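Notes for the structure review
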Amino acid sequence: MTVTISEDLKAESKNLNFYYGALHSLKNVNLPIARRRVTALIGPSGCGKTTFLRCFNRMHDLYPHNRYEGEIIIYPEKLNIISPSVDPIEIRMQISMVFQKPNPFPKSIYENVAYGLRVRGVKKKGLIDEAVEKSLRGSALWDEVKDRLNNSAFDLSGGQQQRLCIARALATDPRILLFDEPTSALDPTATSKIEELIIELKNEVTIIIVTHNMQQAARVSDYTAFMYLGEIIEFDKTDKIFTAPSNKLTEEYITGRFG
Amino acid sequence: MKDIKKRIAFNKFKDYSFRVLGLLSTFVGLALLFALIADLFMEGAPRISYKFFASFPSRFPEEAGILSAWVGTLLIMLVTAFAAIPLGVAAGIYLEEYAKKNWLTDIIEINIANLAGVPSIIYGLLALGMFVYFFKFGESVLTGGLALALLILPMVIMATREAIRAIPNSIREASYALGATKWQTVWWHIIPYSTGGILTGIIIGLSRAIGETAPIITVGALTFIAFLPTPPVSSDFPFISFKWLFDPFTVMPIQIFNWVSRPQQEFHVNAAAAGIVLLCMTLLMNAAAIYIRYRFRKKIKW
């Protein structure tokens, strides 16, 4: 299905197909990503939502036998980011990712956030200090850690670690922020903090979030895509999807009849 | 009911029998080792003194010492470490992080595991052919050190790979997702987080190398040396000299072998004393390995 929305687009996938070796796991995926909005990808396990998300920063290039077909265009430059002639590193520098389980580096809190800048060759301590503070404020962690920036990131709680990972992803001013089930390993309190943060962050950055939790999608996202067996079954404004889905399968999934 | 009780009693008897058998087996091993060490200490300990460390070998047992032997062992270990560590760690990192996983890397992996089990004398023969005859390094510290480096290279490679494998993939993905290259990921993450495991492997390798005799004899270490290699630092320009690399040498195990093979009882005492020193060197290295592993485990828990 092709869908159009009446907003500024940040990215758009066009007839995207993805293969793990012989396994055809994304089938003709078309999806617009609105600028500075949260787009949620929902669907049962194995439907390809994480696979789709990982196309956006070319994570699949890290492993052999993976193959993309079609296009993911980013705007305004209309660059096809999955084209083989585009360096995946160039894409990852602009599109950050927050993973399912908090995965801070076993380094200090400061170094975790500074890493993206170090990768980019930033050496000036002043610049790094500034970015670290800004990102930690951005991820609502600054007040909790400002006095212990040199402590190990492993001393933080799970929720704090995940917010640290968000700060790490923010430090390099990404154009799109990808969240892969960011709260699935966290307790409800930590989860609601992350959700508030996502709503806050969309004022500055375009967000795509994969979630297993439909309430979460309903709470944080502006648009929702329901995926099933590697295809987008339905895409619409979140309100519409959760109140009046037009597809039977979507309705069955969101009412909990399968998945 | 009575039958079942009988059955249980019989089963328990078997259980108990194995307990006794196992305890005895453990005890035999431990007791023998303990007796060996005790015997070594009783015979050799009185001979250990400052003079023993500071004297060259001699025709007179009471004047003979292990100066050239321990200096030789130290220098050989230095060469071995300098050669085996960069090569082994680089190879391990390459195989884990860079090499594509295919049949070729599988074959390489199996062969490295096999190389670790090759008898040490074979490495001696290889070193004799390559370093002594082909590269003309002579029967020198350099040749001996390189021979032992070859011997422990597979161990260093395997330890490096094990240590790297313990790093969760999520850490690599976190690094790549920020736009890091392979080398940046290796330099900032893979090497620092695997240092503990790598160091432990290196030290265990070196502590095996320190006791090796066969490859060292094969490349032509001397059994009687009454001089030290050229000092590496001197007061004259250019102050640093690498001539010691090409000097002849002896090492602890060879010195021990030399003394044991003499008929006089007094020399056997010297051998026991040198044995204690060698044993302590090995134990110290193993203790260092355990300490390093403990330190790093405490710092990084996945």
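Residues numbered from 1 in each chain as written. Chains lettered and ligands numbered in written order. Predicted model: local features only at pLDDT ≥ 70, side-chain atom pairs only at ≥ 80, totals over all residues. Heavy atoms only, no water.

The next subject is the overall build of chain A. Helix and strand content of chain A: ten helices and ten strands. Taking 18 Å as the expected radius of gyration for a compact globule of 259 residues, we find that chain A reaches 18 Å, a close match to that expectation. Along the three orthogonal principal directions, the C-alpha set of chain A runs to about 55 × 40 × 35 Å. Going through the 259 residues of chain A one by one, you find that 55% of them count as buried. Put simply, 67% of the contacts in chain A that link residues at least 6 apart link residues at least 24 apart. Of the roughly 11200 Å² of accessible surface on chain A, a fraction of 48% belongs to carbon and sulfur atoms. Of the side chains in chain A, 33 bear a positive and 32 a negative charge, and the two mean positions are spaced by 3 Å. (Helix = DSSP H or I, 4+ residues; strand = E, 2+ residues; numbered from the N terminus. Rg over C-alpha atoms; globule rule 2.2 N^0.38 Å. Buried < 20%, exposed > 50% of the residue type's maximum accessible area, 1.4 Å probe, protein only. Contact = heavy atoms within 4.5 Å. Areas by Shrake-Rupley, 256 points an atom, 1.4 Å probe, with all protein chains shown as cover. Lys, Arg positive; Asp, Glu negative; His and termini not counted. Charge placed at Lys NZ, Arg CZ, Asp CG, Glu CD.)

Before going further, it helps to examine the interface of chain A and chain B. At the interface, 24 residues of chain A touch 20 residues of chain B. Summed over both sides, the interface of chain A with chain B buries roughly 1900 Å², with 65% coming from carbon and sulfur. Along the contact surface separating chain A from chain B lie one salt bridge. A salt bridge links Arg54 of chain A to Glu173 of chain B; its shortest N-O distance comes to 2.6 Å. Contributing elements (two or more residues each) for the side of chain A that touches chain B: α2 (88–92), β6 (95–98), α3 (109–119) and α6 (158–170) of chain A. (Buried area = accessible area lost by both parts, 1.4 Å probe. Salt bridge = Lys/Arg side-chain N within 4 Å of Asp/Glu carboxyl O.)

All names here are of chain B. Taken together, Val233, Phe237, Phe239, Ile240 and Phe242 make up a surface patch of nonpolar side chains, about 610 Å² in accessible area. By the secondary structure assignment, Val233 is in the loop between α9 (214–218) and α10 (252–260). The class of Val233 is exposed, set by a relative accessible area of 58%. (Patch = residues over 30% accessible without salt bridge, like charges linked within 9 Å, V, L, I, M, F, W, Y side chains within 5 Å.)

Quick look at the sheet that holds strand β5 (residues 79–80) of chain A now. In sheet architecture, strand pairing relies on hydrogen bonds along the backbone and comes in two forms, parallel and antiparallel. Spatial ordering of the open sheet is given by β2-β1-β4-β5 (chain A), a layout of four strands whose pairing is antiparallel. The open sheet has two edge strands with one neighbour each: β2 (23–34) and β5 of chain A. (Pairing = 2+ DSSP bridges.)

The next subject is the nonpolar core. Judged by nonpolar contacts, the single largest core of 75 residues is most densely connected at Ile66 and Trp259 of chain B. Here the element with the most residues in this core is helix α6 (residues 141–165) of chain B; it accounts for 14 residues. The residues contacting Ile66 of chain B, other than those within four sequence positions of it, are Phe52, Phe53, Ser55, Met252, Gln255, Trp259, Ala274 and Val277 of chain B. Among the nonpolar cores identified, the runner-up in size contains 35 residues, and Leu53, Val86 and Ala225 of chain A together with Ala177 of chain B belong to it. (Core = buried A, V, L, I, M, F, W, Y, C linked by side-chain atoms within 4.5 Å.)

With that settled, consider the pairing of strand β7 (residues 176–180) of chain A. Residue and element names in this part refer to chain A. Among the five residues of β7, five are classified as buried, and the element is accordingly described as predominantly covered. The sheet contact formed by β7 and strand β8 (residues 206–210) spans five bridges and is parallel. Residue pairing across strands places Leu178 opposite Ile208, the latter belonging to β8. Handedness of the crossover is the feature at issue here: the chain leaves β7, passes through helix α7 (residues 188–201), returns alongside β8, and the resulting connection is right-handed. (Right-handed = clockwise from strand over helix to strand, strands pointing away.)

Accessible area lost on assembly of the parts is the figure often given for the size of an interface. Residues and elements named next belong to chain B. When the domains of chain B are assigned, the result is domain 1 (2–47) and domain 2 (50–299). Just the C-alpha atoms count here: the centres of domain 1 and domain 2 sit 36 Å apart. Across the contact, seven residues belong to domain 1 and 14 residues belong to domain 2. Summing both partners gives a buried area of about 800 Å² for domain 1 against domain 2, and 70% of it is carried by carbon and sulfur. The tally of links between domain 1 and domain 2 comes to zero salt bridges. Here domain 1 and domain 2 share five residue pairs in polar contact (both at pLDDT 80 or more) between them. (Domains from an automatic or database assignment. Polar contact = N/O pair within 3.5 Å; in protein donor to acceptor, adjacent residues only side chain to side chain.)

Now for unusual backbone geometry. Note the cis peptide between Tyr75 of chain A and Pro76 of chain A, where omega equals 5 degrees. Mapped onto the fold, Pro76 of chain A is located in the loop between β4 (66–74) and β5. With phi around 45 degrees, Asn28 of chain A is a residue other than glycine that occupies positive phi space. Within the fold, Asn28 of chain A resides in strand β2. Classification of Asn28 of chain A as partly exposed rests on a relative accessible area of 45%. Phi angles above zero are rare outside glycine, and Lys136 of chain B is one such case at about 55 degrees. If you trace the backbone, Lys136 of chain B turns up in the loop between α5 (120–134) and α6. What makes Lys136 of chain B exposed here is its relative accessible area of 63%.

Let us now look at the domain arrangement of chain A. All names here are of chain A. The domain boundaries assigned to chain A delineate domain 1 (1–94 + 174–182 + 205–259) and domain 2 (102–173). A separation of 27 Å is found between the C-alpha centroids of domain 1 and domain 2. On the domain 2 side, the residues contacting the seven residues of domain 1 number eight residues. For the pair domain 1 and domain 2, the two sides together bury roughly 610 Å², of which 66% comes from carbon and sulfur. On the domain 1 side of the contact with domain 2, Met93, Pro174 and Leu177 bury the most area, a combined 72% of that side's loss. For the pair domain 1 and domain 2, the interface holds zero salt bridges. Across the domain 1-domain 2 interface, the total number found is two residue pairs in polar contact (both at pLDDT 80 or more). Looking at the side of domain 1 that touches domain 2 residue by residue, the class counts come to five nonpolar, no polar and two charged. (Nonpolar A, V, L, I, M, F, W, Y, C, P; charged D, E, K, R; others polar.)

The next point concerns the pattern of salt bridges. Counting across every chain of the model gives 21 salt bridges over all chains. With a closest N to O distance of 2.9 Å, Asp222 of chain A and Lys202 of chain A form a salt bridge. One end of the pair, Asp222 of chain A, is in the loop between α8 (214–220) and β9 (223–228); the other, Lys202 of chain A, is in the loop between α7 and β8, and 20 residues separate them in sequence. Judged by relative accessible area, Asp222 of chain A falls into the partly exposed class, the value being 21%. The closest approach of N and O atoms between Glu96 of chain B and Arg165 of chain B, which form a salt bridge, is 3.2 Å. With a gap of 69 residues between them, Glu96 of chain B in helix α3 (residues 67–98) and Arg165 of chain B in helix α6 connect regions that are remote in the sequence. One salt-bridge network, held together by shared partners, links Glu96, Glu109, Arg161 and Arg165 of chain B.

All right, on to the state of the cysteines then. Inspection of every chain in the model, using the stated rule, returns zero disulfides over all chains. We note that Cys55 of chain A lacks a disulfide partner, and the nearest cysteine sulfur, in Cys47 of chain A, lies 13 Å from it. (Disulfide = S-S within 2.5 Å.)

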